[in-house]
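# Notes for the structure review
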Amino acid sequence: MSKSSQNNTVASIKALNVSFSNGKQNVQVLHDISLDIFKNEIVAVVGESGSGKSVTSKALMGLLPDQSAQIHAVELSLQGKNLLELEDGEWSRFRGSEISMIFQEPMSSLNPTITCGNQVIEVMVQHQKISASKAKREVLDLFEKVKLPTPKTTFSKYPHEISGGQMQRVMIAMAIACKPVLLIADEPTTALDVTVQKEIILLLKELQKEYGMSILFISHDLSLVHSI
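To keep things clear, this report deals only with the structure shown in the data block. (Residues numbered from 1 in each chain as written. Predicted model: local features only at pLDDT ≥ 70, side-chain atom pairs only at ≥ 80, totals over all residues. Heavy atoms only, no water.)

Along the protein, the regular secondary structure elements total 10 helices and 9 strands. Here the C-alpha atoms of the protein give a radius of gyration of 18 Å, agreeing with the 17 Å that 2.2 N^0.38 yields for 228 residues. For the protein, the spread of C-alpha atoms along the principal axes amounts to about 50 × 40 × 40 Å. Across the 228 residues that make up the protein, the buried fraction comes to 45%. Here the contacts in the protein between residues at least 6 apart in sequence split such that 69% fall between residues at least 24 apart. On the protein, roughly 11,700 Å² of surface is accessible, and the fraction owed to carbon and sulfur atoms is 49%. Side-chain charges in the protein split into 22 positive and 24 negative, and the spacing between the mean points of these groups amounts to 6 Å. (Helix = DSSP H or I, 4+ residues; strand = E, 2+ residues; numbered from the N terminus. Rg over C-alpha atoms; globule rule 2.2 N^0.38 Å. Buried < 20%, exposed > 50% of the residue type's maximum accessible area, 1.4 Å probe, protein only. Contact = heavy atoms within 4.5 Å. Areas by Shrake-Rupley, 256 points an atom, 1.4 Å probe, with all protein chains shown as cover. Lys, Arg positive; Asp, Glu negative; His and termini not counted. Charge placed at Lys NZ, Arg CZ, Asp CG, Glu CD.)

Here you go:
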């Protein structure tokens, strides 16, 4: 890789191997996975269910279980930082501010006991020195950016009080709240109908251009990937 390419690299995976232990034996699920993600780029990982797409993304996020997962790689890095050496405390600061993720099922990812607006505020306060009033203003701005129809009303609603498409927009607002350099979108439209799928894809493309983020887009749908 040339020096200019290295300077332009956001994330790098080289020869990533992951195995899981069931107590009796190790089962290898990833074999020598390699990919680079560059600045302001969308990279799609496409494969059928069970092919290891989400495991790859969770390795980048540090979300694989320590007790059962064995991770080996020549390189697993983000912004030049070796992710294999991060401690738990470092991960909590790293996630959200440098790398963030939109999950498949917003209903199971959002906390049902906290209003939508306060869930996004929690992420901001964790990673930034920001007052509650300023955080609320920024969340309302984010809700407008992700095109929630009534940002002020949605702010005070609980997840079960809004639609699946609106929940996914709240999840996107939460994921980009601290302007991460890499956003992982793990099958972000699976639970949505076709019309809402297209709206979410267009939204992600718009946000990617505006923020200059890189996106790792995970899907099993080639036609959906083609659209981005």
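Let us now look at empty space enclosed by the protein. Remark: the empty space left among the atoms is shown by a probe the size of a water molecule rolled over them. On inspection of all chains with the given rule, the structure shows 1 cavity of 30 Å³ or more. The volume enclosed by the largest cavity comes to roughly 40 Å³. Ile42, Ile201, Leu204, Lys205, Ile215, Phe217 and Ile228 are the residues that line the largest cavity. Elements supplying a minimum of two residues to the lining of the largest cavity: α9 (194-211) and β9 (214-219). The dominant element in the lining of the largest cavity, judged by the number of residues it contributes, is α9, at 3 residues. When grouped by side-chain class, the residues that make up the lining of the largest cavity number 6 nonpolar, no polar and 1 charged. (1 Å grid on protein atoms, 1.4 Å probe; cavity = no way out; pocket = protein on both sides within 12 Å on 5 of 7 lines; lining within 4 Å. Points joined across faces, edges and corners; volume = space filled by probe spheres on them. Nonpolar A, V, L, I, M, F, W, Y, C, P; charged D, E, K, R; others polar.)

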